[in-house]
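# Analysis of the macromolecular model
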Amino acid sequence: MPTTERTPVTVLGLGNMGAKLAHTLLKAGYPVTVWNRSPDKAGPLVAAGAHQATTVEEAVTASPLLITCLLDHDSVHHVLDPVAGHLRGRTLVELTTSAPEGARELSTWAEGHGVAGFLDGGIMATPDMIPGPHAFILYSGSERSYRAYESTLAAIATPHFIGADPGIAALYDLALLNGMYGMFGGLLQALALVDSEGVDLEEFASELLLPWMRGVIASFPESARQAAHGDYGGTGSTLAMQASASGMAGVAEDLGVNGELMRPIDELMRRRVADGHGDDDFMSVFELVRHPDRRIAG
């Protein structure tokens, strides 16, 4: 059914994210059916025009397009397994956080129950960012289904189809979150260090840390090129210089700050230097991350 006709959509799961997805679709003019294990959570959506299904079977049979946004992979099976016979001919968009293998398993399961098309999605946004300009969702699986419902998915957040492998969206999601939390870890450590000397944290973050990190982030494509080609020279900032005797963790602890966040980085740099790569750039540590059992990498 063409999405320009405002295809009915069912949203299963009304946590913070699921409720925001349903509300966004309602505002965009889509007929929305909702279901949640705790029925009271549907109240605000019903007031906004959603239809509340009393059973999962009713929710599934109400729409050709089903969106799940549940707690985890097991929750999806717990909810859908009993109504699997009613999935035939419908499109299932799975927006529950999952591992790549979990997404692939669910795709195979869905195909076995006659689902017309399966998409796994990675939501790169918090609920308050949807449907703003910086929110996007990665999709993988059935490209035919993605194209059929692309405009519906675009009503939620900017959609990006990244491949037919159902697990690739979950992989990208995990990688992007790792990048984000890695930066957050650095933020925590940086603020704790200057806080130990009574520095104004807001001023430090806005006037120094943010401009510095913008420059660092701009170097990410070049860092990725180094990792892709194993080319770790050129900046003059060698691992031998960076892997000092006490390391970042040791300096933090001397200041009375917890050094646990930085200790793994210190140890990886020292390992790489010990393996004979002291003249390499920091990105040389990539060899010990992608090959954790390798003592000496090229």
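Summary of the structure given here.

Definitions and cut-offs
Residues numbered from 1 in each chain as written. Predicted model: local features only at pLDDT ≥ 70, side-chain atom pairs only at ≥ 80, totals over all residues. Heavy atoms only, no water. Patch = residues over 30% accessible without salt bridge, like charges linked within 9 Å, V, L, I, M, F, W, Y side chains within 5 Å. Areas by Shrake-Rupley, 256 points an atom, 1.4 Å probe, with all protein chains shown as cover. Salt bridge = Lys/Arg side-chain N within 4 Å of Asp/Glu carboxyl O. Lys, Arg positive; Asp, Glu negative; His and termini not counted. Charge placed at Lys NZ, Arg CZ, Asp CG, Glu CD. Helix = DSSP H or I, 4+ residues; strand = E, 2+ residues; numbered from the N terminus. Buried < 20%, exposed > 50% of the residue type's maximum accessible area, 1.4 Å probe, protein only. Pairing = 2+ DSSP bridges. Right-handed = clockwise from strand over helix to strand, strands pointing away. Contact = heavy atoms within 4.5 Å. Axes fitted to C-alpha atoms, helices over the stretch in contact; angles between N-to-C directions. Phe/Tyr/Trp six-rings, centres within 6.5 Å; stacked < 30°, edge-to-face > 60°. Parallel < 35°, antiparallel > 145°, perpendicular 65-115°, else oblique. Nonpolar A, V, L, I, M, F, W, Y, C, P; charged D, E, K, R; others polar. Core = buried A, V, L, I, M, F, W, Y, C linked by side-chain atoms within 4.5 Å. Expected span 1.5 Å × (residues − 1). Bend = angle between axes of the 7 residues up to and from the residue. Polar contact = N/O pair within 3.5 Å; in protein donor to acceptor, adjacent residues only side chain to side chain.

### Digging into a negative patch on the surface
A cluster of acidic residues, Asp 200, Glu 202, Glu 203 and Glu 207, forms a negative patch on the protein surface. Looking at the element boundaries, Glu 207 is found in helix H9 (residues 201-218). Given the relative accessible area of 54%, Glu 207 is considered exposed.

### Observations concerning unusual backbone geometry
Backbone geometry follows two general trends: most residues other than glycine have a negative phi, and most peptide bonds adopt the trans configuration. The omega angle of the peptide bond from Ile 130 to Pro 131 is 5°, so this bond is cis rather than trans. Among the structural elements, Pro 131 can be located in the loop between strand S6 (117-124) and strand S7 (136-141).

### Here's the deal with the pairing of strand S4 (residues 65-68)
The two faces of S4 match: Leu 65 and Ile 67 on one face and Leu 66 and Thr 68 on the other face are all buried. Strand direction decides the pairing type here: strand S1 (residues 9-12) and S4, joined by four bridges, are parallel. Looking across to S4, one finds that Leu 12 is bridged to Thr 68. Judged from the four bridges that link them, S4 and strand S5 (residues 91-94) form a sheet pairing that is parallel. What sits directly across from Ile 67, in S5, is Val 93. At this point the chain moves from S4, through helix H4 (residues 73-80), to the parallel S5, and the crossover so formed is right-handed.

### With respect to the sheet that holds S5
Read across the open sheet, the eight strands follow the order S3-S2-S1-S4-S5-S6-S7-S8; overall the sheet is mixed. The open sheet is flanked by strand S3 (51-52) and strand S8 (158-163), the only strands paired with a single partner. Pairing of S6 with S7 involves six bridges; the strand directions are antiparallel. Residue pairing across strands places Gly 121 opposite Tyr 139, the latter belonging to S7. The strands that helix H8 (residues 168-195) touches are S6, S7 and S8; relative to S6, the one it contacts most, it runs at about 5°.

### Some thoughts on the packing of aromatic side chains
Under the definition given, this model contains three aromatic pairs. Between Tyr 139 and Tyr 146 the ring centres are 5.9 Å apart and the planes differ by 45°, which places this aromatic pair in the tilted class. Exposure class is identical for Tyr 139 and Tyr 146. Each is buried. A ring pair is formed by Tyr 181 and Phe 184, whose centres lie 6.1 Å apart and whose planes are at 75°; its orientation type is edge-to-face. Taken together, the residues Tyr 181 and Phe 184, both in helix H8 and three residues apart, mark about one turn of the helix. Judged by relative accessible area, which is 42%, Phe 184 ranks as partly exposed.

### So, the packing of helix H12 (residues 247-254) against helix H13 (residues 263-277)
Running from amino to carboxyl end, H12 crosses H13 at an angle of 140°, the nearest separation of the two axes being 6 Å. Viewed along their axes, H12 and H13 adopt a mutual orientation that is oblique. Contacts between H12 and H13 involve Gly 247, Met 248, Ala 249, Gly 250 and Glu 253 from the first element and Arg 263, Ile 265, Asp 266, Met 269 and Arg 270 from the second. Of the residues assigned to the contact of H12 with H13, the class counts are four nonpolar, two polar and four charged.

### Here's the deal with the nonpolar core
The nonpolar side chains of a soluble globular protein tend to be buried, and buried together. Formed by 32 residues in total, the largest nonpolar core has its most connected members in Leu 21, Val 34 and Tyr 139. Every element with two or more residues in this core is listed here: S1, helix H1 (16-27), strand S2 (32-35), S4, S6, S7 and helix H7 (150-156). Looking at this core, the element that brings in the most residues is H1, giving five residues. The next biggest cluster of nonpolar side chains, apart from the first, holds 20 residues, and it includes Leu 12, Ala 53, Leu 80 and Leu 106.

### A closer look at H9
With 18 residues, H9 extends 24 Å from end C-alpha to end C-alpha; this agrees with the ideal 26 Å at 1.5 Å per step. Of all bends in H9, the biggest is about 40°, found at Leu 209, and the proline Pro 211 comes one to four residues later. A side-chain oxygen of the first residue of H9 lies 3.1 Å from the backbone nitrogen of Glu 202; this N-cap is Asp 200.

### Focus: H13
Taken residue by residue, H13 has Asp 266, Leu 268, Met 269, Arg 272, Asp 275 and His 277 as its buried positions. Residues of H13 that are buried in the fold lie against helix H11 (239-242), H12 and helix H14 (286-290).

### A closer look at the pattern of salt bridges
Counted according to the given criterion, the structure contains nine salt bridges. A salt bridge links Arg 263 to Glu 253, with the shortest nitrogen-to-oxygen separation between them at 2.1 Å. Within this pair, whereas Arg 263 is found in helix H13, its partner Glu 253 is found in helix H12, the two being separated by 10 residues in sequence. By relative accessible area, which is 40% here, Glu 253 ends up partly exposed. Taking the shortest distance from any N to any O, the salt bridge between Arg 272 and Asp 280 comes out at 3.9 Å. Residue classification places Asp 280 among the buried positions, given a relative accessible area of 16%.

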